[in-house]
Amino acid sequence: MSNKTELIGLSKEELTAALTALGEKSFRAKQLWQWLYYFGAADFEQMTNLSKVLRQKLAENFTITRPKIVTEQISSDKTHKWLLEFADGQRVEMVYIPEEDRGAVCISTQVGCAVGCRFCHTGSQKLTRNLTAAEIVSQFMVARDSYGEWPSPTNETRYLSNIVVMGMGEPLHNMENVIKALNILTDGDGIAISRRRVTMSTSGIAPRIVEALQRTGVRLAVSLHAPNNKLRSQIMPINNVYSIDEVLSACQKYQSGDGSRYITFEYLLLDGINDSPECAHELIALMKKYGLRASFNLIPFNPWPGCVFQPSPNSRVKAFARELENAGFAAPVRVARGQDILAACGQLKSKKDIEDNKSEA
Ligand code: SF4
């Protein structure tokens, strides 16, 4: 095994310390950071403003690693899905969801997930391990490699404009690595994705919400999916650990004192389970009780092989949205993307069985 230090995923301070330990001046860390994250260099030989001797010294001591692309699929609506493999052979999926002149990259934070939401394909795969900060950051770097978005374009011209931490895993079960990765991805001297364009989605790990958001400055999305504890516990067992009241109290704390902090609540509509007008009314009452400034993201369910739920019919989805809108909440219905390649919300998985998902679809 190599005893070289991997550079991707080191904080600026750690990078500076690694270089000074080699006898280099600290300004070299600034140059290296720019090469790694602004120019996207994957090889020391590309770093042409460093002397040949220094480039060689760096190559002897450090590595710059991207995960291996195992498969790539592009759906009929241009949604792009990668199956990525890390050095130990573990795999995750990442998805790019393009809009007309921009798009979001959905990144993963764990191999598998321990939360076990019953509607989620990833949740049917047990947690194997957390991803490191390097593995989280390098997913986005792979997407940038694919679309040739190096050096970092300005905000106005980039296609990979947003990041959603909504792929495989519960980010707040891997909080330190996720915080470190998000701070690298949003650093203005490198990849420089605006913090306002990064959304971290949690199933509701209540005690960590405020801290994670304060330390990253990104936006918060919460997977709610039900308006009361009885129903939510049935479809999201994590609700038995952190109840709706605990989650919404944390959201309230996060919003207190800062009017700009809007929260998106994700709500997956499951046929006959959580899609009645009564559920919508209960949801509205909840928002009012906690005084939350929020919008809803209504998600039509994307079935996957072996799942027990069915999607709500369109008419019920629209009626649900209308109830929320009449109460003053934005409640757009998310257009399902990448369904033909199992890249839609809740469909990601990393085991060998999805490599050949054409036969499943
Ligand atoms: S929805 Fe998210 S938190 Fe729930 S099982 Fe799937 S990956 Fe885990």
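Owing to the predicted nature of the structure, the values given are computational and were not obtained by experimental measurement.

Conventions we followed
- Residues numbered from 1 in each chain as written.
- Predicted model: local features only at pLDDT ≥ 70, side-chain atom pairs only at ≥ 80, totals over all residues.
- Heavy atoms only, no water.
- Helix = DSSP H or I, 4+ residues; strand = E, 2+ residues; numbered from the N terminus.
- Rg over C-alpha atoms; globule rule 2.2 N^0.38 Å.
- Contact = heavy atoms within 4.5 Å.
- Areas by Shrake-Rupley, 256 points an atom, 1.4 Å probe, with all protein chains shown as cover.
- Lys, Arg positive; Asp, Glu negative; His and termini not counted.
- Charge placed at Lys NZ, Arg CZ, Asp CG, Glu CD.
- Polar contact = N/O pair within 3.5 Å; in protein donor to acceptor, adjacent residues only side chain to side chain.
- Near = heavy atom within 4 Å.
- Nonpolar A, V, L, I, M, F, W, Y, C, P; charged D, E, K, R; others polar.
- Pairing = 2+ DSSP bridges.
- Salt bridge = Lys/Arg side-chain N within 4 Å of Asp/Glu carboxyl O.
- Buried < 20%, exposed > 50% of the residue type's maximum accessible area, 1.4 Å probe, protein only.
- Axes fitted to C-alpha atoms, helices over the stretch in contact; angles between N-to-C directions.
- Parallel < 35°, antiparallel > 145°, perpendicular 65-115°, else oblique.
- Left-handed = near helix turned anticlockwise from the far one by under 90°.
- Expected span 1.5 Å × (residues − 1).
- Core = buried A, V, L, I, M, F, W, Y, C linked by side-chain atoms within 4.5 Å.
- Domains from an automatic or database assignment.

> Looking at this structure, I do not really get the overall build of the protein chain. What am I missing?
A count of helical and extended segments in the protein chain gives ten helices and 13 strands. Computed over its C-alpha atoms, the radius of gyration of the protein chain comes to 21 Å, within 12% of the 21 Å expected for a compact globule of 361 residues. Overall size of the protein chain, expressed as C-alpha extent along the three principal axes, is 70 × 50 × 35 Å. Counting only contacts in the protein chain whose residues sit at least 6 apart along the sequence, the fraction spanning at least 24 positions is 65%. Accessible surface, the protein chain: about 15600 Å² in total, of which carbon and sulfur atoms supply 50%. Taking the average place of the 42 positive charges on the side chains of the protein chain and the average place of its 39 negative ones, the gap between the two points comes to 2 Å.

> Help me understand the environment of asparagine 61, please; the structure alone is not making it clear to me.
In this fold, asparagine 61 is placed in helix α3 (residues 52-61). Taking the C-alpha atoms as reference, asparagine 61 lies 9.6 Å from alanine 18; in sequence the two are 43 residues apart. Beyond its immediate sequence surroundings of up to four residues, asparagine 61 is in contact with Lys4, Thr5 and Leu22. A distance of 2.8 Å separates a polar atom in the side chain of asparagine 61 from the backbone oxygen of lysine 57.

> Explain the site of the ligand here, please?
In the vicinity of the ligand, the contacting residues are Cys113, Val115, Gly116, Cys117, Cys120, Thr122, Gly123, Gly169 and Ser203. Looking at side-chain class alone, the shell around the ligand contains four nonpolar, five polar and no charged residues.

> So what exactly am I meant to see when it comes to the pairing of strand β3 (residues 68-74) here?
If a strand is regular, its side chains alternate between the two faces of the sheet. The sheet contact formed by β3 and strand β4 (residues 80-85) spans six bridges and is antiparallel. Looking at β4, one finds that lysine 68 is bridged to glutamate 85. Between β3 and β4, which pair antiparallel one after the other, the connecting turn spans five residues, and lysine 78 there sits at a positive phi close to 75 degrees.

> Quick question: what am I supposed to make of the pattern of salt bridges here?
Any two side chains of opposite charge can pair, given that their charged atoms come close. Following the criterion strictly, the structure yields 17 salt bridges and no others. The salt bridge partner of lysine 12 is aspartate 187, with a shortest N-O separation of 3.1 Å. Placement of the pair is lysine 12 in helix α1 (residues 12-21) and aspartate 187 in the loop between α5 (175-185) and β10 (198-202), with a sequence separation of 175 residues. Looking at aspartate 187, the relative accessible area reads 15%, which means it is buried. Shared partners join several salt bridges into a network, and the residues in it are Lys12, Asp187 and Asp189.

> What am I meant to see in the environment of serine 124 here?
Within the secondary structure layout, serine 124 lies in the loop between β7 (110-111) and β8 (129-130). Of the residues examined, serine 124 reaches a relative accessible area of 43% and is grouped as partly exposed. Sequence-wise, serine 124 and glycine 112 are twelve residues apart; in three dimensions their C-alpha atoms are separated by 8.1 Å.

> Is there a simple way to think about the packing of α5 against helix α6 (residues 206-216) in this case?
How two helices sit against one another is set out by the angle between their axes and by the gap between those axes. In contact at an axis separation of 9 Å, α5 and α6 are set at 25 degrees when each is read in the N-to-C sense. Taken together, the axis directions place α5 and α6 in an arrangement best described as roughly parallel. The element α5 and its partner α6 pack so that their crossing is right-handed. Of α6, the residues touching α5 (which contributes Met175, Glu176, Ile179, Leu182 and Asn183) are Arg208, Glu211, Ala212, Arg215 and Thr216. Grouping the amino acids of the contact of α5 with α6 by side-chain chemistry returns four nonpolar, two polar and four charged.

> Sorry if this is basic, but what is going on with helix α2 (residues 27-38) here?
With twelve residues, α2 should reach 16 Å at 1.5 Å per residue; the first-to-last C-alpha distance of 16 Å fits that figure. All of the buried residues along α2 are Ala29, Gln31, Leu32, Trp33, Trp35, Leu36 and Tyr37. Looking at the buried side of α2, the elements it contacts are α1, α3, α4 (133-147) and α5. Just downstream of α2 lies glycine 40, where phi reads positive at about 70 degrees.

> What exactly am I supposed to notice about the nonpolar core here?
A general tendency of soluble globular proteins is for nonpolar side chains to be buried together. Ranked by size, the top nonpolar core spans 110 residues in total, and within it Phe119 and Phe265 carry the most contacts. Considering each element in turn, this core owes the most residues, eight residues, to α4. When residues of this core are assigned to domains, at least three fall in each of domain 1 (5-63) and domain 2 (68-354). Leaving out residues up to four positions away in the same chain, phenylalanine 265 has contacts with Val222, Leu224, Leu248, Cys251, Met287, Leu292, Ala294, Ser295, Phe296 and Asn297.

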